[in-house]
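Residue-level structural notes
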Amino acid sequence: MLRGFTAQQTSRGVNKATLVAREQTVRRFLAFTNEYPWAWMPAHMDEWSASLLGERRLAASTVRAYQCELRLFSEYLIDPRYGWAAVCEEQFGTHPVAICHEWNTIAHLNDYEGDPEARPFTREELQRFLNYADEQVDRAVRAKRKGALAAYRDATLFKVIYGWGLRRTETARLDLADFGRNPQAPAFGRYGTLNVRYGKAKRCQPPRRRNVLSVMDWAVEAVADYADNVRPRFGCADHPALWVTERGGRIKPSEINARFVAYREALGLPEVLVPHSLRHSYVTHLTEDGVDRRFIQQQVGHECDSSTAVYTHVSDDFLNTALARALAPAFAGRPAAGE
């Protein structure tokens, strides 16, 4: 059944990593139920989902993704074109049934399902964080200790997350070749645009690609310096990854998170700040700087403006300035108070 399911998914163009993840989900469900697929019932899905949400405390979006993967497998089994129902009926006197329905799976009702506590960095917090990351490079160099290259890589990595508004996984999967020229911004050279190949996927779909235009000259300078002067010293000339490790591999999202947490705790910054906060900061700060909302939406890969809106946490100064601008026409020509 799994071999047939894998063949079916492969014919749809699903990549290998996604295929592996879907098979793992099916096997986990199999272990949970201790029943073969032809004996699965909707009640098994109810119990499994309840355990994921109540006992393991997984996010609703994560559980929904698992449910989606099981729905795909279940739909494959009950599709008469593949003949599994007839085979199971003949062999076991029963057959697979649909186990995922509207009443026992999580609906995607909101554009944003993240932690409501999540917020962007303030500009002062961001500057402190990036300065601290740079200081770790200087300290390692002065102490002549191992880790200076990794510290430089990570300092640049955080600047790229913020400078292009990326997600953590998108950042980890970047290759050197993903940067390209933008004819409209020749000053940025070969770092005028960034091809993000592993954007957040839609439901049961492969990763979405998007091109992000470079807008921050200091971020371009940082990644260019890293690529030209630091990355070659890792000795991984043949590796395509932008962020390589001292062992010659590609950095993992978990490693990005670990370094981020170490810096955040050293600075005493709030725990609500996470790597994704850098992406929130990108949206918020561009909004405060007056960049067109539609442009920002395209940059971060949101289909709906409402998704971009929940990323935006503008400052009081920005709101007061915007309010004054909005009210100016109404008060134009009126005498000032006391006149």
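The coordinates are above.
Notes on the structure in this doc start here. Since the model is a prediction, treat every value here as computed from it, not as a measurement.

So, about the sheet that holds strand β3 (residues 208–213). Taken in spatial order, the three strands line up as β1-β2-β3 in an open sheet, and their pairing is antiparallel. For this open sheet the edge positions go to β1 (179–180) and β3, each flanked by a neighbour on one side alone. When β1 meets strand β2 (residues 193–199), the two strands line up antiparallel, connected through two bridges. Counterpart to F179 in the pairing with β2 is L194.

A word on the packing of aromatic side chains. In the structure shown here, the tally under the stated rule is 21 aromatic pairs. Aromatic side chains F29 and W40 sit 4.8 Å apart centroid to centroid with 80° between the ring planes, which places their arrangement in the edge-to-face category. Of this pair, F29 sits in helix α2 (residues 16–33) while W40 is found in the loop between α2 and α3 (42–55), placing the two residues 11 residues apart along the sequence. Neither residue differs from the other here; F29 and W40 are each classed as buried. Residue placement shows R28 over the ring face of Y66; its charged tip is 5.3 Å from the ring centre. Across from the ring centre of Y198, 3.7 Å away, lies the NZ or CZ of R173, which sits over that ring.

What follows deals with the nonpolar core. Core analysis: the largest hydrophobic core is formed by 52 residues, its most contacted members being F121, F129, F158, W164, W243, L278 and Y282. A per-element tally of this core places helix α7 (residues 148–164) first, with eight residues. Other than its neighbours up to four places away in sequence, W243 contacts R153, T156, L157, V160, T171, A172, L174, Y226, G249, R250 and I251.

Time to look at α7. One turn of an α-helix holds 3.6 residues; hence residues three or four places apart share an orientation. Taking 1.5 Å per residue, 17 residues should reach 24 Å; α7 reaches 24 Å between its end C-alpha atoms and fits that length. Among the 17 residues in α7, 15 count as buried, and that is most of the element. Positive backbone phi, approximately 65°, marks G165, located one or two places after α7.

Positive phi values are uncommon outside glycine, yet N34 reaches one of about 55°. Within the element layout of this structure, N34 appears in the loop between α2 and α3.

The tally for this structure, following the rule as stated, stands at 14 salt bridges. A salt bridge links R210 to E170, with the nearest nitrogen and oxygen atoms 2.9 Å apart. Placement of R210 in strand β3 and of E170 in helix α8 (residues 168–172) is noted, with a sequence separation of 40 residues between them. Taken together, the shared-partner salt bridges connect D175, D178, R197 and R250 into one network.

A few words now on the packing of α7 against helix α11 (residues 275–288). Remark: α7 packs on α11, axes separated minimally by 7 Å, with the N-to-C direction vectors making an angle of 40°. Regarding the angle of α7 to α11, the classification is oblique. Classified by chirality, the crossing of α11 by α7 is right-handed. Side by side, α7 and α11 meet where F158, I161, Y162, G163 and W164 of the first sit next to P275, L278, S281, Y282 and H285 of the second.

Where helix α6 (residues 123–142) meets α7, the closest approach of the two axes is 8 Å, and the angle between their N-to-C directions is 160°. The pairing of α6 with α7 is recorded here as roughly antiparallel in orientation. Along this stretch, α6 crosses α7, giving a crossing that reads as left-handed. Residues L126, F129, L130, A133, D134, Q136, V137, A140 and V141 of α6 pack against A148, A151, Y152, A155, F158, K159 and Y162 of α7. A class-by-class count of the residues in the contact of α6 with α7 yields 13 nonpolar, one polar and two charged.

What counts, and where the lines are drawn
Residue indices follow the written sequence of each chain, beginning from 1 at its first position. Selection of residues for local features in this predicted model requires a pLDDT of at least 70, selection of side-chain atom pairs for listing and counting requires 80 or more, and totals for whole chains, interfaces and linings are taken over all residues. Heavy atoms from the whole structure form the basis of all side-chain values; hydrogens and water molecules are not counted. By this definition, two strands are paired if DSSP reports at least two bridges between them. Numbering goes from the N terminus for both helices and strands, where a helix is a DSSP run of H or I of at least four residues and a strand is a run of E of at least two. Here is the rule: rings of Phe, Tyr and Trp (six-membered ring for Trp) pair when centre to centre is within 6.5 Å. Planes less than 30 degrees apart are stacked, more than 60 are edge-to-face, and the remainder are tilted. Each residue gets one of three labels from its accessible area relative to the maximum for its type: buried under 20%, exposed over 50%, partly exposed in between, using a 1.4 Å probe on protein chains only. Criterion for a charge above a ring: Lys NZ or Arg CZ within 6 Å of the ring centre, and within 35 degrees of the ring normal. The criterion is simple. A nonpolar core is a set of buried Ala, Val, Leu, Ile, Met, Phe, Trp, Tyr and Cys residues joined through side-chain atoms within 4.5 Å. We call two residues in contact when some of their heavy atoms are within 4.5 Å. In this scheme, a helix's expected span is set at 1.5 Å multiplied by one less than its residue total. Salt bridge criterion: a side-chain nitrogen from Lys or Arg within 4 Å of a carboxyl oxygen from Asp or Glu. Axes here mean lines fitted to C-alpha atoms, for a helix over just the part in contact, with angles spanning 0 to 180 degrees between N-to-C directions. Roughly parallel refers to an angle under 35 degrees, roughly antiparallel to one over 145, roughly perpendicular to one between 65 and 115, and oblique to any angle outside these ranges. Should the near helix be turned counterclockwise from the far one by less than a right angle, the crossing is left-handed, whereas a clockwise turn marks it as right-handed. When residues are sorted by character, Ala, Val, Leu, Ile, Met, Phe, Trp, Tyr, Cys and Pro go into the nonpolar class, Asp, Glu, Lys and Arg into the charged class, and all the rest, Gly among them, into the polar class.

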